[in-house]
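Observations on the model geometry
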Amino acid sequence: MNADLKATPLGFGFINQMQGTQVILYDKNYDVIVVGAGHAGCEAALASARMGRSTLLLTINLDAIALMSCNPAVGGLAKGHLVKEIDALGGEMGKNIDATGIQFRILNTKKGPAVRASRAQADKQLYRLRMKRVLENQDNLDLKQGEVVGLHLEGDTVLGVDTKAGVRYGGKTVILTTGTFMRGLIHIGLTHYPGGRAGDLPSVGLSDRLREFGFDVGRLKTGTPARLDGRTIDFSRLEPQYGDDPPVPFSFSTERIDRPQVPCHIAYTNERSHDIIRSGLDRSPLYSGIIEGIGPRYCPSIEDKVVRFPEKNRHQTFIEPEGMDTVEVYPSGLSTSLPIDVQFAFYRSIYGLERVEIMRPAYAIEYDYVDPIQLHASLETKRVRNLYHAGQINGTSGYEEAAAQGLMAGINAALRTKGREPLVLGRSEAYIGVMIDDLVTLGTREPYRMFTSRAEYRLLLREDNADLRLREKGHGVGLLPEEEYRKFLDKRVMIEEELGRLQRTRILPSEADPAFLEDFGLTGMQNAVSLEQLLRRPDMTYTELGRIDPLSGDTPVLVAEQVEIQVKYQGYIDRQLEQVERARKLESARIPADFDYGGMSGLTAEVREKLQKFRPDTLGQASRIPGVTPAAISILSITLKARSGR
């Protein structure tokens, strides 16, 4: 389709397109091109470059790298698990929040270890600036500002991207991490205008090209609260919420958090607030039919909460600082797309916020996404070879979900250029594996958010053991620095040795402290017990064990935590490992990409239609498609074995 390449005075080249326009061919070809520099794009670009691949990161605005366009926070329930896994594999998000966080908390501390989660408030500008600095100083990585409007394909293989400025960048692989920018449309009341987020231009043209390539492109919606002037809030009338002291880091490589910490504050809406919201619903784009996209079910706007839960007389909000050097605060949970006059009245109806000033109005945003069932588990698209999607383009919401996908896409694009097999994490190995499997197996018609309840093996997938689960894999693909890997190996050896010591060391009743025996109801004990047996008791901790065993008192905290969890939950862990083993055969049974479901006998028309649409990569994926019965999986399994001659 293109004419011959011709020279330009700059040593580049240009191609005469059929439409008569000239496209300048950049004089450097990359292994990996990443489009977009949000949280997915940053992790993708860093992963590829750190694996030794020449990488280009293209973004509409270089000053908005890793910008937290919504809540300036990282982690939370299940999301904290994702950040720990990103860090364990060699990603950057955990280190970045540790270096820029201003409040750290462990959530669900009164519950079991499987659902405990880390969360940290970030200094919004410091977070962005540090990530930009890390990217700028990364070897093998070029950063350029430009809007990508098209993909350069030959047949069904991507070979580069075209920008609005008329430059074509060649690449062996391309990763799209477009966030909310594809045909982004911002709504404030009945007013709407194009934007990738407030203050940024949208990306126009790329989603149209994807449609032309046969991708199923849909429409989603998300929103954000107003940013308020903290000087106009009476914090003395609000409830302060302090972080943990000392703060616990996200990254397994961070020894301690040295930054000053600040409190958040809790406030509540009231009946007057809800009356004001109801009075503005006739001018709400959400309820007047203007917004077409489907919003996040688990993070609804305040008007959605008021309409859906009329029996509730108040809703909680956390007033969270956006940084140490700004007066802007973020009212979490109060996102809205109501008109600006209603916003002023609503926010000022909250106790303590009667004189509050809005610095940036709340808004909703609609954007295009691509149905993720069109992806392999490696995040490579099924329609276009060497093209990968990560982040909100796949229908997810949240920085953490995006960053995790970006990391995996970056790893797998780099592995593709090395001629190696992709890294695919299973549902029993990581929350990242659960999320990606959910997306590529089931697709999504609403913004996808990670929850601990989505993981059937969540006792195995704890925050505390993310390094034990994933450090080896990060090192295996070349992402984990040797120094960090050696520290991990030392920790693992210490855990194994301590577990062995507890099993071997036995306490005789005659030699034990009588006060200790009385405190734990052991005064009638006749036989010796091991330290492991004592630690297995629900009321026993390492601190208590140190009363009769000095070595337990000297055990490093992180080692003691891991050993204690493994000892106390060993029976449950073994049971889940048995479940994993039973499921492994299905997960490893691959289905050829060109498999003809239409010619299979014994399947209903509905099952054939679903398998043809979803095109699962494995029997495990096929078994999780709604409507595909166990009987159908058995038939499919027998057919695959027969065709392979086994």
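Residues numbered from 1 in each chain as written. Predicted model: local features only at pLDDT ≥ 70, side-chain atom pairs only at ≥ 80, totals over all residues. Heavy atoms only, no water.

Spatially, three strands are ordered β5-β7-β6 in an open sheet, and the strand pairing comes out antiparallel. The sheet is open, and its two borders are formed by β5 (73–75) and β6 (101–107), each paired with just one other strand. Going across the sheet, the axis of each strand differs from the next one's by a mean of 15 degrees, ignoring polarity. In this sheet, strand β7 (residues 117–122) lies alongside β6 in antiparallel orientation, the contact comprising six bridges. Among the inter-strand pairings, L107 is bridged to a residue of β7, identified as A117. Contacting β5 and β7, helix α2 (residues 79–89) crosses the sheet at an angle of about 80 degrees to β5. Contacts from helix α3 (residues 93–100) reach β5, β6 and β7, with the element oriented near 120 degrees to β6. (Pairing = 2+ DSSP bridges. Helix = DSSP H or I, 4+ residues; strand = E, 2+ residues; numbered from the N terminus. Axes fitted to C-alpha atoms, helices over the stretch in contact; angles between N-to-C directions. Contact = heavy atoms within 4.5 Å.)

This paragraph deals with the environment of Q579. Tracing the backbone through its elements, the reader meets Q579 in helix α18 (residues 570–588). Distance from Q579 to E456, taken between C-alpha atoms, is 9.7 Å for residues 123 residues apart in sequence.

Let's shift gears to the pattern of salt bridges. A full pass over the atoms with the stated rule returns 49 salt bridges. Salt-bridge contacts for E92 lead to R50; the nearest nitrogen and oxygen are separated by 2.7 Å. Highlighted residues: E92 in the loop between α2 and α3 and R50 in helix α1 (residues 39–50), separated in sequence by 42 residues. Accessibility expressed as a relative area gives 4% for E92, which makes it buried. By relative accessible area, which is 25% here, R50 ends up partly exposed. By sharing partners, the salt bridges in this structure join R427, D437, D438, E456, E587 and R624 into a single network. (Salt bridge = Lys/Arg side-chain N within 4 Å of Asp/Glu carboxyl O. Buried < 20%, exposed > 50% of the residue type's maximum accessible area, 1.4 Å probe, protein only.)

Another point: the packing of aromatic side chains. Applying the stated criterion across every chain, the model contains five aromatic pairs. Measuring from ring centre to ring centre gives 6.5 Å for Y569 and Y572, while their planes differ by 50 degrees; the resulting arrangement is tilted. Over the aromatic face of F252 sits the side chain of K84, whose NZ or CZ is 5.2 Å from the ring centroid. Above the plane of the ring of Y268 lies R314, whose end atom (NZ or CZ) is 3.7 Å from the centre. (Phe/Tyr/Trp six-rings, centres within 6.5 Å; stacked < 30°, edge-to-face > 60°. Lys NZ or Arg CZ within 6 Å of the ring centre and 35° of its normal.)

This part takes up helix α9 (residues 399–417). Because an α-helix completes one turn every 3.6 residues, residues spaced three or four positions apart along the sequence face the same direction. Over its 19 residues, α9 extends 27 Å from the first C-alpha to the last, a length consistent with the 27 Å expected when each residue adds 1.5 Å. When you tally the buried positions in α9, you get 18 out of 19 residues, the bulk of the element. Positioned one or two residues after α9, G419 has a phi angle of 75 degrees, which is positive. (Expected span 1.5 Å × (residues − 1).)

Quick look at the pairing of strand β11 (residues 167–176) now. Counting buried positions along β11 gives nine out of ten residues, so the element sits mostly inside the fold. In the sheet, strand β3 (residues 22–35) pairs with β11 via eight bridges, with the strands oriented parallel. Bridge pairing in β11 links I33 to V174. Sheet topology note: the strand β10 (residues 157–163)/β11 ladder contains three bridges and is antiparallel. Bridging from a neighbouring strand, G160 pairs with G170 of β11. If you look at the hairpin formed by β10 and β11, you'll find three residues sitting between the two strands, and G166 has a positive phi there, around 90 degrees. Inspection of the sheet shows β11 paired to strand β22 (residues 387–389) by three bridges, in the parallel sense. Counted as the bridge partner of V174 is L387 from β22.

Okay, the packing of α1 against α9 next. Two elements in contact, α1 and α9, have axes whose closest approach is 7 Å; the angle formed by their N-to-C orientations is 30 degrees. Between α1 and α9, the angle falls in the class roughly parallel. Read as a crossing pair, α1 and α9 show a hand that is right-handed. Across the interface between the two elements, H39, A40, E43, A44, A47 and S48 of α1 pack against Y399, A402, A403, G406, L407, G410, I411 and A414 of α9. Partitioned by chemical class, the residues of the contact of α1 with α9 number nine nonpolar, four polar and one charged. (Parallel < 35°, antiparallel > 145°, perpendicular 65-115°, else oblique. Left-handed = near helix turned anticlockwise from the far one by under 90°. Nonpolar A, V, L, I, M, F, W, Y, C, P; charged D, E, K, R; others polar.)

The four strands are arranged β13-β12-β21-β14 in an open sheet whose pairing can be described as antiparallel. Where the open sheet ends on each side, the last strands, each with one partner, are β13 (191–194) and β14 (217–224). Adjacent strand axes in the sheet meet at a mean angle of 25 degrees when their direction is disregarded. Relative to strand β21 (residues 363–370), strand β12 (residues 185–188) is paired through three bridges, and the arrangement is antiparallel.

Now for the side chain of T224. Tracing the chain through its elements places T224 in strand β14. Residue T224 is classed as buried on the basis of its relative accessible area, which comes to 3%. Side chain to side chain, T224 and R227 meet in a polar contact 3.0 Å long. Beyond its immediate stretch of four places on either side in the chain, T224 contacts S69, C70, Y330, S335, T336, A362 and Y363. (Polar contact = N/O pair within 3.5 Å; in protein donor to acceptor, adjacent residues only side chain to side chain.)

Let us now look at the environment of H376. Turning to its location among the elements, H376 is positioned in the loop between β21 and β22. The spatial distance from the C-alpha of H376 to the C-alpha of D464 is 29 Å, given a sequence separation of 88 residues. The contacts of H376, once residues within four sequence positions are left out, are T381, K382, V440 and D617.

Once that is clear, we can look at unusual backbone geometry. In this structure, the amide linkage connecting D245 to the following residue, P246, adopts the cis form with an omega of 5 degrees. By secondary structure assignment, the location of P246 is in the loop between β16 (239–241) and β17 (264–268). Phi is positive for A66, which is not a glycine, with a value near 55 degrees. Assessed through its relative accessible area of 0%, A66 is described here as buried. With a phi close to 70 degrees, N140 is a non-glycine residue in the positive phi region. Here N140 shows up in the loop between α4 (124–136) and β8 (141–145). With relative accessibility at 41%, the residue N140 sits in the partly exposed group.

Now for the confidence of the model for the chain. When pLDDT drops low, the exact placement of atoms in the prediction is not to be read closely. Taken residue by residue, the chain gives an average pLDDT of 91. The fraction at 70 or more is 96%. Across residues 1–5, where pLDDT falls below 50, the model places 13 contacts with residues more than four positions away in sequence or in other chains. (pLDDT = per-residue confidence, 0-100.)

Below, the discussion takes up the state of the cysteines. In the structure shown here, the tally under the stated rule is zero disulfides. For C42, which is in no disulfide, the shortest distance to another cysteine sulfur is to C70 and amounts to 17 Å. On the basis of relative accessible area, C42 is assigned to the buried category, the value being 1%. Not engaged in a disulfide, the cysteine C264 finds its nearest cysteine sulfur in C70; these two sulfurs lie 15 Å apart. (Disulfide = S-S within 2.5 Å.)

Of all hydrophobic cores here, the largest spans 74 residues; its most connected members are Y127, L135, I175, M408, I411 and I432. Per-element tally for this core: the top contributor is α9, with eleven residues. Counting residues in each nonpolar core, the second largest holds 23 residues, with I33, L56, L151 and I393 among its members. (Core = buried A, V, L, I, M, F, W, Y, C linked by side-chain atoms within 4.5 Å.)

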